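One-letter residues, chain by chain:
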Amino acid sequence: MWLKPEEVLLKNALKLWVTEKSNDYFVLQRRRGYGEDSGGLTGLLVGTLDTVLDSTAKVAPFRIIHQTPDSQVYWNIACGASLEEISQHWDWLQQNITRTLSVFDSGEDITSFVQGKIRGLIAEEGTSASDEEDPERFREAVLRFERLFGLPQREKLVTYFSCSYWRGRVPNQGWIYLSTNFLCFYSYMLGNEVKLVYPWDEVSRLERTSSVLLAESIRVCVRGEDHFFSMLLRLQQTYVIMQQLADYAIVRFFDKETFNAEHPLANPLHITQRALEIHARNQSFRAFFRLPQEENLCEVYESFLWVPFCHVNTLGKICVSENYLCFASQDGSQCHLIIPLWEVFSVELPDHNSRALTVCLRGKRALRFSEVRDFERLASTIRRKCGTAGSPQLDCMCVFLSEDEEGVMVGQSQAVSTEALMNVFHPHDAENLDPKMLKERMKEQSWQIHFAEYGRGTGMFCTKKTRDLIVRGVPETLRGELWMLFSGAVHDMASHPGYYGRLLEECMGSSSLACDEIERDLHRSLPEHPAFQSDTGISALRRVLTAYAHRNPKIGYCQAMNILTSVLLLYAKEEEAFWLLVAVCERMLPDYFNRRIIGALVDQAVFEELIREHLTQLTEHMTDLSFFSSVSLSWFLTLFISVLPIESAVNVVDCFFYDGIKAILQLGLAVLDYNMDNLLCCHDDAEAVTVLNRFFDSVTNKDSPLPVTVQHASATANDKSIQKVDISNLIKEAYEKYGDIRTEEVEKMRKRNKLYVIQTLEDTTKQNVLRVVAQDVKFSAAQLDELYMLFKRQHFVSCYWSVCSPALQNHDPSLPYLDQYQLDQSQFSSLFNLLQPWTTHTHARSLARSAFRLLDKNGDGLVNFKEFICDILNNRSFTEKLKFLFKLHLQPEVKYSSLSSNHGAVYKSDVFCPSGHAKVDLQEYLKQWQEDLQRREENIKDLPRINQVQFIGLTKTLYGVFHGDEEEESLYRAVARVTSLLLRMEEVGRKLQESSPQKIQQETAPSHSDITPTSTSHTPSSPSTLRDGDWSFSFEQILASLLNEPSVVRFFERAIDTDSLIAHARKNQLKDAH
């Protein structure tokens, strides 16, 4: 049968296949162990492997693979159970495909054509290798999943596959179950059971690998341990779903700046395989065409588009969303264009035989599509959407009420500049005949010719010629327009008319931490440029940054945003600069501008990978490439603006808006390559930094028309001994050497490295927390590590199955390490009961509630790891353990659950206001921290007395603690004796007091003050005095009485088996969440 084309890795793989037939494009192979050589040793080995590894392999002993010409990349396109079956597929390829392939010039075009044809065959037959299992089998799998792993019924199984799990060189054939929050595997063979359950939020590496033994496998790294899963079919499908689920967990739990309640996958109970596929497809569609986040891919059609400037039909795909009609050629780089549906005024069907349709646009333009499989449906869709898609651009024009002479928009509460600052401070001089200006005009003419041939604005054909013009540099007068077009900001602005003005009105006069930070950095933004030495530029910069902080309070303001926005304001109008900033922060550089700059760290990891791949000589010289990560951080955050002169940096920004992060990575490689010899001679990092700084100072833009007053004067500007490097040549060299880096591969590397970066940050948090806590406890390093993971997992357990769990808000990476993870009362109680060293008893819930009140010293309704671990499970002395139980019963008996939750909510909102207007009370936090450092060890004499009700509660707790112990009867009698003794002592003291209160007070107060029930020196503040008939005891009295009971002393002096308790908690933590 035909298979969905799937890449096959043959490098370093064991040769399990024998070639039967082959030509320039296809290879028919037979699996060893079938046919003529099935009786040999190799055949027996392969047959055994097929039986053990995957039962589905037995039905596919033959296959056809497609080889991309001049490449080592192979694609599996068909399989068969017999030679006759596979031969039919081979004959069809020979008759219908092979002859056609000779007309293509490039191998990539051939592969794209073959893949399209195979997918078309699969669609016609109505069968696909990626179809979901039938509902009945899936329901059986769900029941098996629930029975095997004991997870709560709310945990949703997404899909499952037959696979092998490798322990060293031994495979365990079984089934892998992929659910919303967990990766699970189960195998049972010959009495050997293997059961794995790993949360996605603990996965740090996920990648496809190949080795000598395993042709292909999926490597999953969890908490530093590697796990390998292999399968002979559906490996790529399995890998993609695993990657999607891991990325979903990472974004939801750790990267909340980019996750919100409107996320398409916000509800973990509604995630399905199809939902993941649709979400991934929409993301890829929006990223490729740079469309607004509201756009979703509705329909896809394969067709030919008549390209007028080439006079040829190019094969590609038509993509239709709610408001846009897009087309991309097969390789994606030959040409692509975006048509807003409000620009379409008619659709015609001129030729039914060629299945063609003509889309007529405003401005006397038309697009002709042919060979569209369902052309009538496409025409109907476009007509329907044209009627509903209004022109937001026309609405947007109504916002501009009037303009004054200085190019400032009026009619709003704040003046908004409608001119790029470069036009205001350096207007274009048409009469200037300077050689640089003449060259600038030649660039403008080249672009005007390009516009006349390829179109202008949103309907422009973007081709290789467009990229060539970008690499040569964009004219100053067109830079703002082209930035808006290539970044997709023009679409955001068109779909949100008047949005920027409304934002300014909402945030006018507001005060927040972000506003303070913006004010601090305003005059540090391109201070040498005249535009930012005046109030015009500074005010525009303040408005754009403040509006964005108000739009996206999760990010607010981050350093480097001011530098980037300054450059945007030079070439774009104020509102355009705002939408360019939105495009950069939320789409082109995701996660860059947040508290932990996760996106920049991810791209630095990608940069390291590319260095290892392309600059092997440098890799061999420097074993640790982390140096380049630290050096290149500013390159990525500011798009080289902070290290290059402004007249050179704008050329880099041109390429970035056209090619995205790929352009920055290419340029970074070119910079290192250019300085290769000097870097190889460096002995330390300082020398390498000096080399790179000198290089950046030597970069110039010889064609820049900017006046000398604007251009950045480097320290080496007048040093003729230093060779100058022209930015255009450097960018051109970057594209020539590293232009083969594909955007799709960069995105794959981003996804792969994001897991590692997030988990590295989490490990850093853990190490810092454990370093602080280790000073106060007696656990081993391994035990502390396990306890921290239990504490952290308890936080996530309550978040796994909730759409907007309040617990998700308790994780704040901006807080100090100790407070990043905190548990509320419900979470604490569950973990406390799992880890308590004594047998569970009827008062476990109230005991946990009392323990939480005791540990929550600041009353915010949350407990951090240090507060939790210092009093729980600690192998302390008999006195310390008894003191802990004593203190649990000193708390007033109040309904704390609602109080703590409400109080915690107020506390959080006071400190971290969601709108971003409130300030963090740093002084209060520092005061609490200082008090914690100065806290002295508590003296038992400082403990308040325990009253009648509290003492009864303590007695009940002791009975519950002793329940089930081997000396249970002896311990019960001991508690009874101690209780009786204390009561008799209290009664004697009361009688003595009543007979001669003054005498007793004078003669025995110093020695019997601890026994006298009416003594108020150590009485709790609430109640301050005891009623008549009530009595109380000090901790010293209780301790002294229990010390006389050997069985009680033995019980509390007994060492706690911490490892067993941790293992018990780890095993039952998820079960407890039912």
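Remember, predicted model here, so these are calculated numbers, not experimental data.

K.L.:
Looking at this model, I keep getting lost on the overall build of the chain. Mind explaining?
P.N.:
Helix and strand content of the chain: 40 helices and 29 strands. Burial status across the chain gives 52% buried among its 1074 residues. Intrachain contacts of the chain at a sequence separation of at least 6 include 66% that bridge at least 24 residues. Total accessible area on the chain is roughly 49,600 Å²; 52% of this is exposed by carbon and sulfur atoms.

K.L.:
Which parts of the structure should I look at to understand helix 19 (residues 598-614)?
P.N.:
Three- or four-residue spacings in an α-helix give side chains the same orientation, since the helix completes a turn every 3.6 residues. When the terminal C-alpha atoms of helix 19 are compared, their 24 Å separation across 17 residues agrees well with the 24 Å that a helix rising 1.5 Å per residue should span. Most of helix 19 sits out of view: twelve of its 17 residues are buried. Residues of helix 19 that are buried: Ile598, Gly599, Ala600, Val602, Asp603, Gln604, Ala605, Val606, Phe607, Glu608, Leu610 and Ile611. On its buried face, helix 19 is in contact with helix 20 (616-621), helix 21 (626-638), helix 23 (661-674) and helix 27 (743-773).

K.L.:
Help me understand the pattern of salt bridges in this model?
P.N.:
When the charged atoms of two side chains lie near each other, side chains of opposite charge can form a pair. With the rule as written, the count across this model stands at 41 salt bridges. Between Asp703 and Lys439 there is a salt bridge whose closest N-O contact spans 3.3 Å. Of this pair, Asp703 sits in the loop between strand 24 (699-700) and strand 25 (725-726) while Lys439 is found in helix 10 (residues 435-454), placing the two residues 264 residues apart along the sequence. Using a relative accessible area of 12% as the deciding quantity, one classes Asp703 as buried.

K.L.:
Can you help me understand the packing of helix 11 (residues 464-472) against helix 26 (residues 727-738) in this one?
P.N.:
What describes two packed helices is the angle between their axes and the distance between those same axes. Running from N to C, helix 11 and helix 26 cross one another at 145 degrees; their axes reach a closest spacing of 8 Å. Each of Arg467, Val471 and Arg472 in helix 11 lies in contact with helix 26, whose residues at this interface are Ser728, Ile731, Lys732 and Tyr735. Grouping the amino acids of the contact of helix 11 with helix 26 by side-chain chemistry returns three nonpolar, one polar and three charged.

K.L.:
What exactly am I supposed to notice about helix 32 (residues 878-888) here?
P.N.:
For helix 32, the buried fraction is high: nine of the eleven residues fall into the buried class. When helix 32 is considered as a whole, its buried residues turn out to be Phe878, Lys881, Leu882, Lys883, Phe884, Leu885, Phe886, Lys887 and Leu888.

K.L.:
What exactly am I supposed to notice about the sheet that holds strand 16 (residues 335-340) here?
P.N.:
The strands that make up a sheet are held in pairs by hydrogen bonds between backbone atoms, and each pair lies either parallel or antiparallel. Spatially, the eight strands line up as an open sheet ordered 17-18-19-13-14-15-16-23, and their pairing is antiparallel. This sheet does not close on itself; its edge strands, each paired only once, are strand 17 (344-348) and strand 23 (462-463). Sheet topology places strand 17 next to strand 18 (residues 357-361); four bridges connect them, and they run antiparallel. For Val347, the partnering residue across the bridge sits in strand 18 and is Val359. Contacts from helix 6 (residues 273-289) reach strand 14 (312-320), strand 15 (324-329) and strand 16 within the one sheet, and its direction differs from that of strand 15 by about 80 degrees.

K.L.:
Hey, could you run me through the pairing of strand 4 (residues 62-67) in this one?
P.N.:
Residues in a regular strand project their side chains so that they alternate between the two faces of the sheet. Within strand 4, six of the six residues are buried, leaving the element largely enclosed by the surrounding structure. Burial along strand 4 is two-sided: Phe62, Ile64 and His66 facing one way and Arg63, Ile65 and Gln67 facing the other are all buried. With six bridges connecting them, strand 4 and strand 5 (residues 74-80) associate as antiparallel partners. Bridging across to strand 5, Arg63 finds its partner in Cys79.

K.L.:
Would you explain the environment of Glu733 in this entry?
P.N.:
With respect to the helices and strands, the residue Glu733 is situated in helix 26. When the C-alpha positions of Glu733 and Val671 are compared, they lie 9.8 Å apart, and in sequence the two are 62 residues distant. Those residues within four positions of Glu733 in sequence are excluded, and the remaining contacts are Asp673 and Tyr674.

K.L.:
What exactly am I supposed to notice about the packing of helix 22 (residues 646-659) against helix 23 here?
P.N.:
At a minimum axis distance of 6 Å, the contact between helix 22 and helix 23 shows a crossing angle of 135 degrees. The angle between the axes of helix 22 and helix 23 places the two elements in the oblique class. On helix 23, the residues touching Val652, Cys655, Phe656 and Asp659 of helix 22 are Ile661, Lys662, Ala663, Ile664 and Leu667. Along the lines of polarity and charge, the residues of the contact of helix 22 with helix 23 split into seven nonpolar, no polar and two charged.

K.L.:
Would you mind showing me how to read the sheet that holds strand 3 (residues 26-31) here?
P.N.:
The antiparallel open sheet is built from five strands, whose spatial order is 1-5-4-3-2. Each end of this open sheet is capped by a strand with a single partner; those strands are strand 1 (2-8) and strand 2 (17-22). On average, adjacent strands in this sheet sit at an angle of 30 degrees to one another, irrespective of strand direction. Pairing analysis gives four bridges linking strand 1 to strand 5, with the strands arranged antiparallel. When the sheet's bridge partners are listed, Trp2 is paired in strand 5 with Ala78. Along the sheet, helix 2 (residues 83-101) contacts strand 1, strand 2, strand 3, strand 4 and strand 5; its crossing angle with strand 3, the most-contacted strand, is approximately 165 degrees.

K.L.:
Sorry if this is basic, but what is going on with the confidence of the model for the chain here?
P.N.:
As a note on interpretation, predicted positions should not be read in detail where pLDDT is low. On average, residues of the chain carry a pLDDT of 80, and 79% of them reach 70 or more. Least confident of the elements in the chain is helix 33 (residues 896-911), whose mean pLDDT is 35; most confident is helix 23, at 95. Low pLDDT, under 50, characterises residues 50-59; the predicted model gives this stretch 27 contacts beyond four residues in sequence or across chains. For the stretch residues 893-920, pLDDT sits under 50, and the model shows 37 contacts to residues farther than four places along the chain or on other chains.

K.L.:
Sorry if this is basic, but what is going on with the packing of aromatic side chains here?
P.N.:
Tallied over the full model, the rule gives 52 aromatic pairs. When the ring of Phe254 is compared with that of Phe796, the centres are 5.4 Å apart and the planes differ by 75 degrees; the resulting orientation is edge-to-face. Of this pair, Phe254 sits in the loop between helix 5 (235-253) and helix 6 while Phe796 sits in helix 28 (residues 781-797), and the two are 542 residues apart along the sequence. The pair Phe254 / Phe796 is uniform in exposure class, with both members buried. Grouped by ring-pair contacts, the aromatic residues Phe607, Trp635, Phe636, Phe640, Tyr674, Phe695 and Phe696 constitute a single cluster.

K.L.:
Teacher, can you tell me more about unusual backbone geometry here?
P.N.:
Generally, phi is negative for residues other than glycine and the peptide bonds are trans, each holding for most cases. Of note, His311 is a non-glycine position whose phi angle comes to about 60 degrees, a positive value. Judged by relative accessible area, His311 falls into the exposed class, the value being 60%. Not every positive phi belongs to a glycine, and Ala560 is a case in point at roughly 90 degrees. Mapped onto the elements of the fold, Ala560 is located in the loop between helix 16 (535-551) and helix 17 (561-571). Owing to a relative accessible area of 8%, Ala560 belongs among the buried residues under this scheme.

K.L.:
Please explain the environment of Asn181 as it appears in this structure.
P.N.:
Within the secondary structure layout, Asn181 lies in the loop between strand 7 (170-179) and strand 8 (182-189). Between the C-alpha atoms of Asn181 and Phe796, which are 615 residues apart in sequence, the distance is 9.9 Å. Apart from residues lying up to four places away in sequence, Asn181 is in contact with Glu155, Tyr198, Pro199, Trp200, Arg252, Phe253, Tyr800 and Trp801. At 3.4 Å, the side chain of Asn181 and the backbone oxygen of Tyr800 are in polar contact.

K.L.:
I'm lost on a negative patch on the surface in this one. Help?
P.N.:
Residues Asp624, Asp684, Asp685 and Glu687 make up a contiguous surface patch of negative charge. Since its relative accessible area comes to 40%, Asp684 is described here as partly exposed.

K.L.:
Sorry if this is basic, but what is going on with the environment of Phe327 here?
P.N.:
Tracing the backbone through its elements, the reader meets Phe327 in strand 15. Classification of Phe327 by relative accessible area gives buried; the value is 1%. Non-local contacts of Phe327, meaning those with residues more than four positions away in its chain, are made with Phe289, Ser303, Leu305, Thr314, Leu315, Gly316, Lys317, Ile318, Cys335, His336, Leu337 and Phe369.

K.L.:
How do you make sense of the pairing of strand 11 (residues 217-222) when you look at a structure like this?
P.N.:
Where burial is concerned, most of strand 11 is hidden: six out of the six residues are buried. Neither face of strand 11 is exposed, since Ser217, Arg219 and Cys221 on one face and Ile218, Val220 and Val222 on the opposite face are all buried. Looking at chain direction, strand 10 (residues 203-209) and strand 11 are connected through six bridges and run antiparallel. Paired with Leu206 across the two strands is Val220, which belongs to strand 11.

What counts and how
- Residues numbered from 1 in each chain as written.
- Predicted model: local features only at pLDDT ≥ 70, side-chain atom pairs only at ≥ 80, totals over all residues.
- Heavy atoms only, no water.
- Helix = DSSP H or I, 4+ residues; strand = E, 2+ residues; numbered from the N terminus.
- Buried < 20%, exposed > 50% of the residue type's maximum accessible area, 1.4 Å probe, protein only.
- Contact = heavy atoms within 4.5 Å.
- Areas by Shrake-Rupley, 256 points an atom, 1.4 Å probe, with all protein chains shown as cover.
- Expected span 1.5 Å × (residues − 1).
- Salt bridge = Lys/Arg side-chain N within 4 Å of Asp/Glu carboxyl O.
- Axes fitted to C-alpha atoms, helices over the stretch in contact; angles between N-to-C directions.
- Nonpolar A, V, L, I, M, F, W, Y, C, P; charged D, E, K, R; others polar.
- Pairing = 2+ DSSP bridges.
- Parallel < 35°, antiparallel > 145°, perpendicular 65-115°, else oblique.
- pLDDT = per-residue confidence, 0-100.
- Phe/Tyr/Trp six-rings, centres within 6.5 Å; stacked < 30°, edge-to-face > 60°.
- Polar contact = N/O pair within 3.5 Å; in protein donor to acceptor, adjacent residues only side chain to side chain.
- Patch = residues over 30% accessible without salt bridge, like charges linked within 9 Å, V, L, I, M, F, W, Y side chains within 5 Å.
- Lys, Arg positive; Asp, Glu negative; His and termini not counted.
- Charge placed at Lys NZ, Arg CZ, Asp CG, Glu CD.

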